[in-house]
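Breakdown of the fold
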Amino acid sequence: MSHTLEANAISYAYEAGSDVLRAVNLSVHGGKITGLVGPNGSGKSTLLRLLCGLLRPQQGSVMLDGRPLAAFSGKERARMIAFLPQSVNPAFSLSVFEVVCLGRYPYTGVLGALRGQDLEVARRCLRDTGTEELHSRDFMSLSGGERQRVLLASILAQEPRLLLLDEPTSALDIHHEAEVFELLRRLAHQGYGIAVVTHDLNLAAQYCGALILLSQDHTVLASGSPGQVLTEDKLSAAYGAVIRVGTHPFAGTPLVAAQPMGGAQ
Amino acid sequence: MTRIRYSVIAAILMLSLLIVVASLVFGTESLSMLQAWREWRAQTPLYEAPTLSILLTQRIPRTLAALLTGAGLALAGCSFQALLRNPLATPYTLGVASSGALGAWLAFILMDAGWIGGYFLGAPSVQCFAFLFAGADTLLVYLLASRKTRTSPSVLLLAGVTMGMLANSGIMLTRYLAAPERLMMMDRWLMGGVDVLGYKPVITLLAGVAPCAVLLLAQAAKFDQFGFSAEVAAGRGVHVGRLQVLTFLTGSLMTAVIVSEVGPIGFVGLIIPHSVRVITGPRHTLLMPLSVVVGGAFLCACDIAARKLLPGETPIGIITTLIGGPFFLFLLMRRKFTDWEM
Ligand SMILES: Nc1ncnc2c1ncn2[C@@H]1O[C@H](COP(=O)(O)OP(=O)(O)OP(=O)(O)O)[C@@H](O)[C@H]1O
Ligand SMILES: [Mg+2]
């Protein structure tokens, strides 16, 4: 069965009077990758927090398979939706394998004991993200990109149906970034529904079935296929800068570049 | 690796058991367990059975009090450290213990003056006041150090230490105001001691420590998640707000009951979790239960020293501080400063 997470006209303000999101509609479907793009501070991370129930919208509703998200228990929800935040700061050091095993929490009882099956899942997730060789390393000693891949493994260990990923590739080199997006594509083929925040518009154009473009005034400026969203006028309006769009040399998707202020070419 | 770890843990458990037995045997005079057993078998009346009577009315309650106190303080230390994501948070560095002690003393003074009775808000006044003060301290320290999204560890500790100093000067004031015949008892209590007689204090300790300990131990897996990342934890279904409130309340309550019964005994909540972490690693599912055992055994050992070190009784609080203080300085020397930039 394919699962759907839907946000209906949700609005949110951390402090009364200054909305961070206004009347946003969005849906995450099993089998599809939805990209969330927009300038810094436009509310992308906030939107993900709302979608996974860490924050409750002040207006509108978030529904998981037609049922209000708030009606799910914490662990029940975590077995359906996994959330990867933009950054983590562990208070103590754990090995990579321990970090991935933490992902099994929604399946454990009060004592948090792991069964053989949980360890098996954790190992598989390390393989899927190409991080097996980091298995025994101290998580804190990893490079930024290695950390992100291990974190992705630990999120996958939740065996969710829907993934909400906040800039999962911000620290990755171009090769690993493409690898992660390839992994996301494979996961989508297996039926996962994925929402991913990214600043890499070119990869978003290649891999996402749909894009949501948030603007500096905290509303959805455009949504639809990459070709519909990634146009010069929409992007220039959203980012408040001159943005040029061409065509990707071999993918054929839009290719986006910002033109520096005053840099006449 | 894990096999070594488990053998070390097994060795620790054995050692703890030995310490408990030693705590029953050694004292002003050493007791023969065999003799006590013979007296028990012969069903000698207690007043004719000196060994059995010392064992039953002194050694066993005293050992139990030491175990409960050590276990409770170590677990409170673990829990505060987990919650505040800081290895230096303990009932003492946060001022909780001193505030509890101040509350307990205030209750004594008010009872002496006849302003309140033995019970207050339905609980024994001393414990109740200790808890109110300890809880108020935790809350205040936490609020002072919290900003919208994060808690500053350094502000937290500075606020905690300051609150502790304020509470201590409050204790000095109550000492100054107290009736002269109270002073002797007060000073003795302030140095801490588990030299209880009979089972009443033990029952109070048990009633305060056991339920809180069970509740806190049940949070171990959540502390693992929370320590890794509050946001990831929330995403996995840990109710972070609930976890914080529950830990603050139970941690303060447990500390308050202990302090009001045996006085402020410093450093247990700091050195035990730190030492145990070296063996178990940072995962709370192992760290917390083992800290309970080691904390209990450690205080038992300190109490044996308190009985044997000097003629008469050495206050146990002095012993734990003499061990804990240098240990703490050692930690300060050894740790990389970056570890604390959390
Ligand atoms: N916990 C918070 N409390 C108050 N305001 C916040 C909080 N988190 C974010 N904000 C504000 O909400 C707005 C949106 O923040 P958000 O993190 O959602 O942006 P973003 O689109 O993810 O940006 P970036 O691309 O830089 O990650 C910003 O103006 C930010 O200052
Ligand atoms: Mg963000």
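Check the entry above for the structure.
Residues numbered from 1 in each chain as written. Chains lettered and ligands numbered in written order. Predicted model: local features only at pLDDT ≥ 70, side-chain atom pairs only at ≥ 80, totals over all residues. Heavy atoms only, no water.

Notes on the overall build of chain B
The condition is simple: Numbering of helices and strands runs from the N terminus, with a helix taken as a DSSP run of H or I at least four residues long and a strand as a DSSP run of E at least two residues long. Buried, partly exposed and exposed residues are distinguished by accessible area as a fraction of the type maximum, computed with a 1.4 Å probe on protein chains only: under 20%, between the cut-offs, and over 50%, respectively. We call two residues in contact when some of their heavy atoms are within 4.5 Å. Every accessible area reported is derived by Shrake-Rupley at a probe size of 1.4 Å, with residue values counting cover from the shown protein chains alone. Charge assignment: positive for Lys and Arg, negative for Asp and Glu; neither His nor the chain ends contribute. The atoms used to mark charge sites are NZ of Lys, CZ of Arg, CG of Asp and CD of Glu.
Of regular secondary structure, chain B possesses 14 helices and two strands. Dimensions of chain B, computed from the C-alpha atoms along their principal axes, are close to 65 × 60 × 35 Å. Relative to its 342 residues, chain B shows a buried fraction of 53%. Looking at chain B alone, contacts between residues at least 24 apart form 73% of all its contacts between residues at least 6 apart. Accessible area for chain B stands at about 15700 Å²; split by element, carbon and sulfur atoms hold 72% of it. Both charge centroids of chain B, one from 24 positive and one from 15 negative side chains, sit 12 Å from each other.

Looking at the coordination of the magnesium ion (ligand 2)
All names here are of chain A. Counted only if it meets this: Metal-coordinating donors are taken as N, O and S atoms lying within 2.8 Å of the metal, or within 3.2 Å when the metal is Na, K or Ca; because water is left out, some sites can appear incomplete.
Listed as protein donors to the magnesium ion (ligand 2) are Ser45 (OG) and Gln86 (OE1); their distances from the metal cover 1.9 to 2.2 Å. Taken together, the positions of Ser45 in helix α1 (residues 44-51) and Gln86 in the loop between β6 (81-84) and α3 (96-102) put the pair 41 residues apart, joining distant regions of the chain. Residue classification places Ser45 among the buried positions, given a relative accessible area of 15%. On the accessibility criterion, Gln86 (41% relative accessible area) is partly exposed.

Side note on the sheet that holds strand β4 (residues 59-64) of chain A
Residues and elements named next belong to chain A. Threshold: Here a strand pair is declared whenever DSSP counts at least two bridges between the two strands.
Overall, antiparallel pairing links the four strands, which are arranged β2-β1-β4-β5 in an open sheet. Looking at which strands have only one partner, the edges of the open sheet turn out to be β2 (21-29) and β5 (67-68). As judged from the six bridges shared by strand β1 (residues 4-12) and β2, these two strands associate in the antiparallel manner. Along β2, the bridge assignment pairs Leu5 with Val28.

Some remarks on the environment of His29 of chain A
Residues and elements named next belong to chain A. Here His29 is to be found in strand β2. A C-alpha to C-alpha distance of 9.6 Å links His29 and Arg161, two positions 132 residues apart in sequence. If we skip the residues at most four places from it in the chain, His29 touches His3, Thr4, Tyr192, Gly193 and Ile194.

A short note on the sheet that holds strand β7 (residues 162-166) of chain A
Residue and element names in this part refer to chain A. Put simply, the rule reads: Angles run from 0 to 180 degrees between N-to-C directions of axes, and those axes are lines fitted to C-alpha atoms, restricted for helices to the stretch in contact.
Spatial ordering of the open sheet is given by β6-β7-β8-β3-β9-β10, a layout of six strands whose pairing is mixed. In the strand order of this sheet, the two ends are held by β6 and β10 (220-224), each with one partner. The average angle at which neighbouring strand axes cross in this sheet is 10 degrees, direction not considered. The sheet strands contacting α1 are β3 (33-37), β6, β7, β8 (193-197) and β9 (210-214), and the helix crosses β7 at an angle near 155 degrees. Sheet contacts for helix α5 (residues 144-156): β6 and β7; angle to β6, the most-contacted strand, approximately 165 degrees.

Concerning the environment of Thr321 of chain B
All names here are of chain B. Spelled out, the test is: Under the rule applied, a polar contact is a pair of N or O atoms within 3.5 Å (in protein, one hydrogen donor and one hydrogen acceptor; residues adjacent in sequence only if both atoms are side-chain atoms).
By secondary structure assignment, the location of Thr321 is in helix α14 (residues 316-334). A residue is classified by how much of its surface remains accessible, and Thr321, at 35% relative accessible area, is partly exposed. Along the chain, Thr321 and Val268 lie 53 residues apart, while their C-alpha atoms are 8.5 Å from each other. Once residues lying within four places of it in the same chain are set aside, the contact partners of Thr321 are Phe267 and Pro326. A distance of 2.6 Å separates the side chain of Thr321 from the backbone oxygen of Gly317, its partner in a polar contact.

Points about the interface of chain B and chain A
Keep this limit in mind: Buried surface area refers to the total accessible area, computed with a probe of radius 1.4 Å, that the two partners give up upon joining, counted for both partners together. By convention in these notes, a salt bridge is any Lys or Arg side-chain nitrogen within 4 Å of a carboxyl oxygen on Asp or Glu.
Every contact between the two is made by 23 residues of chain B and, on the other side, 32 residues of chain A. The largest contributions to the chain B side of the interface with chain A come from Phe228, Glu231 and Arg236 of chain B, which together make up 34% of the buried area. Remark: the boundary between chain B and chain A carries two salt bridges. Of the charged contacts in the structure, one is a salt bridge between Glu98 of chain A and Arg283 of chain B, with a shortest N-O distance of 3.1 Å. On inspection of chain B and its partner chain A, the count reaches nine residue pairs in polar contact (both at pLDDT 80 or more). Counting residues per element, the ones that place at least two in the side of chain B that touches chain A are α9 (220-228), α10 (230-235) and α13 (284-308) of chain B. In terms of residue count, the dominant contributor to the side of chain B that touches chain A is α9 of chain B (seven residues).

Considerations on the packing of helix α5 (residues 125-145) of chain B against helix α11 (residues 240-262) of chain B
Residue and element names in this part refer to chain B. Using the following cut-off: For classification purposes, angles smaller than 35 degrees are called roughly parallel, those larger than 145 roughly antiparallel, those between 65 and 115 roughly perpendicular, and all remaining angles oblique. Crossings are assigned a handedness: left-handed for a near helix turned anticlockwise from the far helix by less than a right angle, right-handed for a clockwise turn.
At a minimum axis distance of 8 Å, the contact between α5 and α11 shows a crossing angle of 135 degrees. On the basis of the axis angle, α5 is oblique to α11. For the element pair α5 and α11, the recorded crossing hand is right-handed. In this structure, α5 uses Val126, Gln127, Ala130, Phe131, Ala134, Gly135, Thr138 and Tyr142 to contact α11, whose residues at the interface are Gln244, Phe248, Leu249, Ser252, Leu253, Ala256, Val257, Ser260 and Glu261.

With respect to the packing of α5 of chain A against helix α6 (residues 174-189) of chain A
All names here are of chain A. How we decide: Under the scheme applied here, ten amino acids are nonpolar (Ala, Val, Leu, Ile, Met, Phe, Trp, Tyr, Cys and Pro), four are charged (Asp, Glu, Lys and Arg), and all others, including Gly, are polar.
Relative orientation of the contacting elements α5 and α6 amounts to 15 degrees, with a least axis distance of 12 Å. Between α5 and α6, the angle falls in the class roughly parallel. The handedness of the crossing between α5 and α6 comes out as left-handed. Residue-level contacts link Arg149, Leu152 and Leu156 of α5 to His176, Val180, Leu183 and Leu187 of α6. Of the residues assigned to the contact of α5 with α6, the class counts are five nonpolar, one polar and one charged.

Some points on the pattern of salt bridges
Residue and element names in this part refer to chain A. Scanning the entire structure with this criterion turns up 13 salt bridges over all chains. With a closest N to O distance of 2.9 Å, Arg104 and Asp118 form a salt bridge. Taken together, the residues Arg104 in the loop between α3 and α4 (116-128) and Asp118 in helix α4 connect sequence positions 14 residues apart. Both residues of the pair, Arg104 and Asp118, belong to the buried class. Here Arg185 and Glu182 are joined by a salt bridge, their closest N and O atoms 3.7 Å apart.

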